[in-house]
Amino acid sequence: IYVYNVLLKTLRRAEQWEIARGVAEKMAEDGIIPDNITYSTLISFAIRCRQPEEALKWFQRMRESGCTPDAVTYSAMIDVYAKTGRMDEAADLCLRMQKDGLPRDAVAYSTMIKLHGMQGNFEEMMDVYEEMQFKKVVPNVVTFNSMISVLGNAGKTQQVMRLFHDMLSSGLKPSPVTLSLLFRTYAKARNAEEAFELYRTIKKEGWTVDTVVYNTLLSLCVQLGKIEEGELFHQELLEDKKCRPDDWTWRTMADLYVRAGRLEEGRQLASEMLQRGRTPDIPIYMSLIQGYGRKKEMKTVVELVDEMQAGKIPLD
RNA sequence: UGGACGUAG
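Residues numbered from 1 in each chain as written. Chains lettered and ligands numbered in written order. Predicted model: local features only at pLDDT ≥ 70, side-chain atom pairs only at ≥ 80, totals over all residues. Heavy atoms only, no water.

**Student:** Help me out: how do you make sense of the side chain of Ser180 in this one?
**Tutor:** Considering the arrangement of structural elements, one finds Ser180 in helix H11 (residues 176–188). Looking at Ser180, the relative accessible area reads 13%, which means it is buried. Setting aside residues no more than four positions away along its own chain, Ser180 makes contact with Val212, Val213 and Thr216. (Helix = DSSP H or I, 4+ residues; strand = E, 2+ residues; numbered from the N terminus. Buried < 20%, exposed > 50% of the residue type's maximum accessible area, 1.4 Å probe, protein only. Contact = heavy atoms within 4.5 Å.)

The structure is reproduced here in structure tokens:
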């Protein structure tokens with residue numbers, strides 16, 4: 001069973017769902033009874049491969065086989081229901097978990113926080129956070145990130161900052177996810193100054209960043225029209241040996257130039273990508289086409305569409 | 001050996 005579970009986990013990394021199904025069938029043929037680890041691996045596997053029905057099917061099978069879900073399986077299933085918008089069923093499982101006498105750990109609480117947050121139940125979300133503290137379950141980085149995500153999206157900037165402060169004073173270091181969430185929050189609040197201040201703090205504290213953090217900051221610059229700053233941060237990304245620009249970076253930079261009305265530079269970006277052996281994708285061309293279209297430079301629009309077809313990028 | 005969080009039209 002151990003070998004099968006490891007095999008499934010390995011397949012999950014490669015997102016080979018069809019093979020995994022075969023392995024699961026072979027397990028049954030060999031008379032090996034799947035355990036909680038097998039089922040939770042299959043459930044998270046299915047969700048990662050965007051097959052929620054498969055996740056539900058395996059949970060059903062699990063119950064039929066008489067295997068009782070443990071805390072991990074419950075959390076995985078609550079997440080499945082949340083991701084498929086079946087909030088009532090998710091809440092139901094939370095209760096059932098409690099009835100089964102399974103204590104909630106930090107992951108279970110974080111999942112519940114997300115569940116309330118997705119529905120816009122901010123007070124209930126904060127209640128879960130309080131209950132968690134009352135039960136002496138220590139919130140981790142993801143717990144804070146989940147709350148920051150919800151509150152930032154809702155434009156509740158003050159609350160986000162309070163939580164970020166709580167997080168730091170409880171001795172946790174912000175992860176790259178935290179930092180990108182904070183930049184997203186500032187973008188929503190249209191507060192470029194605080195965002196730039198945060199960037200300086202990141203450098204000062206030596207917090208770890210990744211490409212997504214840079215991309216989120218660049219996106220903020222686009223949204224708030226901070227063109228020179230955007231170019232500066234892009235430069236810093238290129239000089240940062242630990243991060244590499246990805247497709248999102250190119251897209252955001254194309255947007256930056258289009259917003260600045262510097263369309264030629266946006267086009268240059270596309271050729272630069274081609275030189276580097278990368279293919280500009282549909283969103284990049286969309287920005288450029290929109291930019292030129294707005295200026296009524298239809299000749300260039302046609303050129304861009306031709307360029308897409310020459311680059312074998314199918315028009316969607 | 002299994003579960004939760006971030007950037008796009």
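**Student:** Explain the packing of aromatic side chains to me, please; I cannot follow it from the model alone.
**Tutor:** In this description, a pair of aromatic rings is defined by centroid distance and the angle of the planes. Tallied over the entire structure, the rule returns 6 aromatic pairs. Each ring, one from Phe196 and one from Phe233, has its centre 5.5 Å from the other, and the planes form 45°; the classification is tilted. Residue Phe196 is located in helix H12 (residues 192–205), and its partner Phe233 is located in helix H14 (residues 227–239); the two are separated by 37 residues in the primary sequence. Owing to a relative accessible area of 5%, Phe233 belongs among the buried residues under this scheme. Connected via pairs of aromatic rings, a cluster forms that spans Phe196, Tyr199 and Phe233. A cation sits over an aromatic face here: Arg61 above Trp58, 4.4 Å from the ring centre. One cation-aromatic arrangement involves Arg251 over Trp248; the distance from NZ or CZ to the ring centre is 5.3 Å. (Phe/Tyr/Trp six-rings, centres within 6.5 Å; stacked < 30°, edge-to-face > 60°. Lys NZ or Arg CZ within 6 Å of the ring centre and 35° of its normal.)

**Student:** Looking at this structure, how should I read the protein's contact with RNA strand B?
**Tutor:** Lys9, Arg12, Ser40, Ser75 and Asn145 are the nearest of the 42 residues found near RNA strand B. The sugar-phosphate share of atoms of RNA strand B within 4 Å of the protein amounts to 42%. Between a base nitrogen of RNA strand B and a main-chain N or O atom of Asn36, the distance comes to 3.3 Å. Here Ser110 contributes a side-chain N or O atom positioned 3.3 Å from a base nitrogen of RNA strand B. For the surface near RNA strand B, the elements supplying multiple residues, two or more each, are helix H1 (2–13), helix H3 (36–48), helix H5 (71–83), helix H7 (106–118), helix H9 (141–153), H11, helix H13 (211–223) and helix H15 (247–259). Broken down by element, the surface near RNA strand B gets its largest block of residues, 7 residues, from H5. Tallied by class, residues from the surface near RNA strand B come to 15 nonpolar, 16 polar and 11 charged. (Near = heavy atom within 4 Å. Polar contact = N/O pair within 3.5 Å; in protein donor to acceptor, adjacent residues only side chain to side chain. Nonpolar A, V, L, I, M, F, W, Y, C, P; charged D, E, K, R; others polar.)

**Student:** When you look at the pattern of salt bridges in this model, what are you seeing that I'm missing?
**Tutor:** Note on pairing: side chains with opposite charge can pair once their charged atoms come close. Evaluation of the coordinates by the stated rule reveals 17 salt bridges. A salt bridge links Arg251 to Asp281; the nearest nitrogen and oxygen atoms lie 2.6 Å apart. With Arg251 in helix H15 and Asp281 in the loop between helix H16 (263–275) and helix H17 (282–294), this residue pair connects regions lying 30 residues apart in the sequence. The exposure class of Arg251 is partly exposed, given its relative accessible area of 22%. Here the salt bridges share partners, and the residues they tie into one network are Arg21, Glu54 and Lys57. (Salt bridge = Lys/Arg side-chain N within 4 Å of Asp/Glu carboxyl O.)

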